Amino acid sequence: QVQLVESGGGLVQAGGSLRLSCAASGKIFRVNAMGWYRQAPGNQRDLVATISTGDSTEYADSVKGRFTISRENARNMVYLQMNSLTPEDTAVYYCNADVLDLTDLNRKTYWGLGSQVTVSS
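First things first, this report covers the structure right here in the doc. Keep in mind that what you see is a predicted model, and the values were worked out from it rather than measured.

Notes on the packing of aromatic side chains
Item 1. The tally for this structure, following the rule as stated, stands at one aromatic pair.
Item 2. Sitting over the face of the ring of Y94, R45 holds its NZ or CZ atom 3.6 Å from the ring centroid.

Some remarks on the pattern of salt bridges
Item 1. Counted according to the given criterion, the structure contains seven salt bridges.
Item 2. Residue E72 pairs with R75 through a salt bridge whose shortest N-O separation is 3.3 Å.
Item 3. A relative accessible area of 31% means that E72 is categorised as partly exposed.

Re the side chain of N96
Item 1. Within the secondary structure, N96 sits in strand β9 (residues 91–101).
Item 2. Its relative accessible area of 10% is what places N96 among the buried residues.
Item 3. Setting aside its immediate chain neighbours within four residues, N96 contacts L4, A33, M34, G35, Y37, T109, Y110 and W111.

Brief notes about the sheet that holds strand β8 (residues 77–82)
Item 1. With antiparallel pairing, the four strands of this open sheet are ordered in space as β1-β3-β8-β7. The sheet terminates laterally at β1 (2–7) and β7 (67–72), the two strands that pair on one side only. In this sheet, neighbouring strand axes are inclined to one another by 15° on average, regardless of whether the strands run parallel or antiparallel.
Item 2. As judged from the six bridges shared by β1 and strand β3 (residues 18–26), these two strands associate in the antiparallel manner. The residue bridging L4 from the neighbouring strand is A24, located in β3.

Some details on a nonpolar patch on the surface
Item 1. A grouping of F29, L102 and L105 is seen on the molecular surface, where their side chains present a nonpolar patch of about 310 Å² in accessible area.
Item 2. The residue F29 is located in strand β4 (residues 28–39) in this model.

A few points about the nonpolar core
Item 1. Among the nonpolar cores identified, the biggest contains 30 residues, and W36, V48, F67, V78, L80, M82 and Y93 are the most heavily contacted of them.
Item 2. Of all elements in the fold, only β1, β3, β4, β5 (46–51), β7, β8, β9 and β11 (115–120) reach the threshold of two or more residues within this core.
Item 3. When near neighbours in sequence (up to four residues on either side) are disregarded, Y93 contacts E6, L20, W36, Y37, R38, V48, F67, L80, M82, G114, S115 and V117.

A word on the pairing of β4
Item 1. For β4 and β9, the ladder comprises nine bridges, and the chain directions are antiparallel. Pairing of V31 across the sheet is with V99, part of β9.
Item 2. Adjacent in sequence and paired antiparallel, β4 and β5 are bridged by six residues, among which G42 carries a positive phi angle near 80°.

About the cut-offs
Residues numbered from 1 in each chain as written. Predicted model: local features only at pLDDT ≥ 70, side-chain atom pairs only at ≥ 80, totals over all residues. Heavy atoms only, no water. Phe/Tyr/Trp six-rings, centres within 6.5 Å; stacked < 30°, edge-to-face > 60°. Lys NZ or Arg CZ within 6 Å of the ring centre and 35° of its normal. Salt bridge = Lys/Arg side-chain N within 4 Å of Asp/Glu carboxyl O. Buried < 20%, exposed > 50% of the residue type's maximum accessible area, 1.4 Å probe, protein only. Helix = DSSP H or I, 4+ residues; strand = E, 2+ residues; numbered from the N terminus. Contact = heavy atoms within 4.5 Å. Pairing = 2+ DSSP bridges. Axes fitted to C-alpha atoms, helices over the stretch in contact; angles between N-to-C directions. Patch = residues over 30% accessible without salt bridge, like charges linked within 9 Å, V, L, I, M, F, W, Y side chains within 5 Å. Areas by Shrake-Rupley, 256 points an atom, 1.4 Å probe, with all protein chains shown as cover. Core = buried A, V, L, I, M, F, W, Y, C linked by side-chain atoms within 4.5 Å.

What follows is the structure in structure tokens.
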């Protein structure tokens, strides 16, 4: 089994910053792309940012220039630095990883349980 555990969420005022972290652990042969998604109440889960093993990144238009995704391949970790936060960024943030599973060498997608980010006005 593979687990993703997020940390770093919380309450922040508009204009502030937060840094989310996510650690992948378990029976991992290799972690491929990793990413962050978010889901606000009543909304679908949307892509925030992704990063490949070669550090190629993609961002949702709404976070470009404010959020930065990065990763540490040796530790199977991914980070999301969030600056200039607005109330519209309030959501549960989920970590996502495309993993080559050690048990059967099949590619599988795993999700974390989510971390609440609340931005007050």
